[in-house]
Amino acid sequence: MSQFEHFRKQAKLYLKWHREGRYPAAAAIRSLLPRFRDLSDTQILEQEFKLADAQELVARKAGFENWEALKKGSSDMSTSTTAEKEPFLALSEPQLFVGDIGRACDFYTGKLGFTLRFTYGEPPFFAQVFRDGARINLRYVDTPVVDTSRIVPEHLVVATIVLDHGIKKLFLDYQAAGVSFFQQLKTEPWGSRAFIVNDPDNNLVCFTAAP
């Protein structure tokens, strides 16, 4: 299969996923297509979404301005010996293992101010919550994946969320909401300010800001 044929199949998949109402597809559409940026997942899935839109999404995801540029670029790449463009890591989504999806979602939305993006499964065994640019995936497990008795005693942070600004206000907001802290807000020896939240499954989530 040629590289361009692979891109064509990707575009058809995004079109199919939009028609099926898949929330991860809505998240990709919002992050890559500017005209959808201010819409919620539900609004995106209710909007008309054509093959041309899916093609533009795939092109932008591959680093091209539009589908025509991707078509030309993929052709050039197949015949050129020019070095491939350096990878750029655009987003990271930590996954936390939890014993109760409902309880975990309630904590992250009700206490930490995240919004539920979607749940998956009957009954749900996977969910995603987000706040601004931060996303956390929640995965149900019936037995611990790691030795939870070591997480707190050994200060094993399982996820770190970086703020541009406002870390003191966020800490005070969480304090007012009755959040359990493993570490109060403090300045670390390396200069950043951070606090650590202990969630209902003993996952330690660090919120930090650069000095």
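Given the structure is predicted, the values throughout are model-derived calculations rather than measurements.

Just to check I follow, could you spell out the nonpolar core for this structure?
Taken as a class, soluble globular proteins show a tendency for nonpolar side chains to be buried jointly. In terms of nonpolar packing, the biggest core is built from 29 residues, with Tyr 108, Leu 138, Tyr 174, Phe 195 and Phe 207 touching the most fellow members. Setting aside residues no more than four positions away along its own chain, Phe 207 makes contact with Leu 112, Ile 161, Leu 163, Ile 167, Leu 170, Tyr 174, Arg 193, Ala 194, Phe 195 and Val 197. Core analysis: the second largest hydrophobic core is formed by 18 residues, Phe 7, Ala 11, Ala 54 and Ala 59 among them.

Just checking my understanding: could you explain helix α6 (residues 101-110) for this structure?
Helical periodicity: at 3.6 residues per turn, an α-helix aligns residues three or four positions apart in one direction. Listed in full, the buried residues belonging to α6 are Ile 101, Ala 104, Cys 105, Phe 107 and Tyr 108. Along α6, the residues classed as buried sweep out an arc of 160 degrees about the axis, all on the same side. Turned more than 90 degrees from where α6 packs its buried face, Asp 106 and Gly 110 sit exposed. Where α6 is buried, its residues touch β1 (95-98), β2 (115-120), β3 (126-131), β4 (134-140), β7 (193-198) and β8 (204-209). Residue Asp 100 occupies the N-cap position of α6, its side-chain oxygen lying 3.0 Å from the main-chain nitrogen of Gly 102.

In this structure, what is going on with the packing of helix α1 (residues 3-19) against helix α4 (residues 51-61)? I would like to understand it.
When two helices pack together, their arrangement is given by the angle between the helix axes and the distance between those axes. At a minimum axis separation of 8 Å, α1 and α4 run at an interaxial angle of 125 degrees. Accordingly, the angle class assigned to the pair α1 and α4 is oblique. Between α1 and α4 the crossing geometry is right-handed. Residues Phe 7, Gln 10, Ala 11, Lys 12, Tyr 14 and Leu 15 of α1 form the contact with α4, whose participating residues are Leu 51, Ala 54, Gln 55, Leu 57, Val 58 and Lys 61. Among the residues forming the contact of α1 with α4, the class breakdown is eight nonpolar, two polar and two charged.

The rules behind each value
- Residues numbered from 1 in each chain as written.
- Predicted model: local features only at pLDDT ≥ 70, side-chain atom pairs only at ≥ 80, totals over all residues.
- Heavy atoms only, no water.
- Core = buried A, V, L, I, M, F, W, Y, C linked by side-chain atoms within 4.5 Å.
- Buried < 20%, exposed > 50% of the residue type's maximum accessible area, 1.4 Å probe, protein only.
- Contact = heavy atoms within 4.5 Å.
- Helix = DSSP H or I, 4+ residues; strand = E, 2+ residues; numbered from the N terminus.
- Arc of directions from axis to C-beta.
- Polar contact = N/O pair within 3.5 Å; in protein donor to acceptor, adjacent residues only side chain to side chain.
- Axes fitted to C-alpha atoms, helices over the stretch in contact; angles between N-to-C directions.
- Parallel < 35°, antiparallel > 145°, perpendicular 65-115°, else oblique.
- Left-handed = near helix turned anticlockwise from the far one by under 90°.
- Nonpolar A, V, L, I, M, F, W, Y, C, P; charged D, E, K, R; others polar.

By themselves, these are just geometric observations and shouldn't be taken as functional.
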